[in-house]
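Residue-level structural notes
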Amino acid sequence: MSPAQVYTQRAAVLHGPKDLRLEDRPIWPPQYNHAQVAIKTTGLCGSDLHYYLDGCNGDFALQAPLVLGHESAGVVVSVGPGVKNIFPGQRVAIEAGVMCQQCEYCDSSRYNLCKGMRFASSAKTFPHLDGTLQDRMNHPAHVLHPLPEHCSFEQAALAEPLSVLIHASRRAGLHEGQRILVFGVGAIGILACALAKSYGASQVVAIDINQQRLDFAKVNGFASQTYCLPMVDKAKTSEEQLRRARENVSIALTKFGTPDGFDIVFECTGAEPCIQMSIHAAITGGKVMLVGMGSRNVLLPLSAAALREVDIVGSFRYANTYPAALSLLASGKLSNIEKLITHRIQLQDTAGAFELLARGKDEDGNMVIKVIINS
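These remarks concern the structure in this document.

1. Focus: the overall build of the protein
Looking only at helices and strands, the protein features 11 helices and 20 strands. Over its C-alpha trace the protein gives a radius of gyration of 21 Å, about what one expects of a compact globule, namely 21 Å for 375 residues. When the backbone C-alpha atoms are referred to their principal axes, the protein occupies close to 80 × 40 × 35 Å. Long-range contacts, defined as pairs at least 24 residues apart, comprise 70% of the intrachain contacts of the protein with a sequence gap of at least 6. With an accessible surface of roughly 17,000 Å², the protein has 51% of that area assigned to carbon and sulfur atoms. For the protein, the distance from the average position of its 34 positive side-chain charges to the average position of its 34 negative side-chain charges is 2 Å.

2. Here we look at the pattern of salt bridges
Summed over all chains, the structure comprises 11 salt bridges. Across the pair Glu 355 and Lys 18 runs a salt bridge whose closest N-O atoms are separated by 3.8 Å. Taken together, the positions of Glu 355 in helix α11 (residues 350–359) and Lys 18 in the loop between β1 (7–16) and β2 (19–27) put the pair 337 residues apart, joining distant regions of the chain. We classify Glu 355 as partly exposed; its relative accessible area is 25%. Each of Glu 23, Arg 25 and Asp 130 takes part in one network of salt bridges that share partners.

3. Focus: the packing of aromatic side chains
On inspection of all chains with the given rule, the structure shows four aromatic pairs. Judged by centre distance (6.0 Å) and plane angle (80 degrees), the ring pair of Phe 256 and Phe 262 falls under edge-to-face. Taken as a pair, Phe 256 and Phe 262 share a single burial class, namely buried. The ring of Phe 153 carries the charged tip of Arg 91 above its face, separated from the ring centre by 5.4 Å. In this structure, Arg 317 packs its charged tip against the face of Phe 119, placed 3.8 Å from the ring centre.

4. Considering helix α5 (residues 187–198)
Between its first and last C-alpha atoms α5 spans 16 Å; for 12 residues at 1.5 Å apiece the expected length is 16 Å, and the two agree. Burial analysis of α5 places nine of its 12 residues in the buried class, the great majority of the element. For α5, the complete set of buried residues consists of Ala 187, Gly 189, Ile 190, Leu 191, Ala 192, Cys 193, Ala 194, Leu 195 and Ala 196. Positive backbone phi, approximately 90 degrees, marks Gly 200, located one or two places after α5.

Here is what the cut-offs are and how they apply
- Residues numbered from 1 in each chain as written.
- Predicted model: local features only at pLDDT ≥ 70, side-chain atom pairs only at ≥ 80, totals over all residues.
- Heavy atoms only, no water.
- Helix = DSSP H or I, 4+ residues; strand = E, 2+ residues; numbered from the N terminus.
- Rg over C-alpha atoms; globule rule 2.2 N^0.38 Å.
- Contact = heavy atoms within 4.5 Å.
- Areas by Shrake-Rupley, 256 points an atom, 1.4 Å probe, with all protein chains shown as cover.
- Lys, Arg positive; Asp, Glu negative; His and termini not counted.
- Charge placed at Lys NZ, Arg CZ, Asp CG, Glu CD.
- Salt bridge = Lys/Arg side-chain N within 4 Å of Asp/Glu carboxyl O.
- Buried < 20%, exposed > 50% of the residue type's maximum accessible area, 1.4 Å probe, protein only.
- Phe/Tyr/Trp six-rings, centres within 6.5 Å; stacked < 30°, edge-to-face > 60°.
- Lys NZ or Arg CZ within 6 Å of the ring centre and 35° of its normal.
- Expected span 1.5 Å × (residues − 1).

Quick look at the structure:
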């Protein structure tokens, strides 16, 4: 009897800081309740970039070679035993988190908080679960989501970051007629603006330190008004820092014509000064949504929140959002959202894609927002 043939595929494997290697790896048939997906598109994320540059993302450091990537879509090529909801040839978006389905958080539909969660491309758990920067991957079928007819692979790759905002918007109680302020207009901030508009927000404005990104947000209709924060030296004392935050945001609120503040402030930078400003930017009784991941320990003007009943709400990843995200992406209600994708690069050039993302501009001086890897 001849041995069974072993098929190989390409994978972009991170071995350490800036040590990304394109390798041939065996691809095995999908196991029980899993399906094999031929990856078509993967969007590069800020967390992927941290791993590439530093070999870690916060406290989560590589303990073994890891395939990055978790914003992905592809085509099912085969299914394992027990799979009934997915079939070969079906276009799907890949939800990267694999929850335990047994704990209290999973039972209460908050599986994003599952302590047994294994997230593809994250080094939080060991052995690591490889991500999507490879030609094919086997993944549990229950976290593969069929694409609507009018949803492209590139749009489907945006379902993951959009899910972050859908989850945050649910926690904030986002609804029609509200006034929304977004700090930070990277990919996540732009998606926050687009989502708020699709919900019927009466005003959507944005603040950043990068005028080019703010111009992009305004020109493409994501924000009706923008404000570029001035670059200043770091405050020498905590009192000066808090005073600056209050004064800077007061100037922005006046420019926006909303001196009393905004119903919901989406803080998408994770930067301490922006978190401080967010509290002052919320209207009395409003909400600050902490979406950005950055500073671990932050000095906050808590009395400004407590005395005005400003809710400071955390938001981590997402749960039960993919169908809504894909439906919204296919609906056309997120006008110009495809312009978020500024660069498209092939899998074999993934290392160069990360270097491009790190620079923030390409060789022609064009701004880099979302880079898509095509397999």
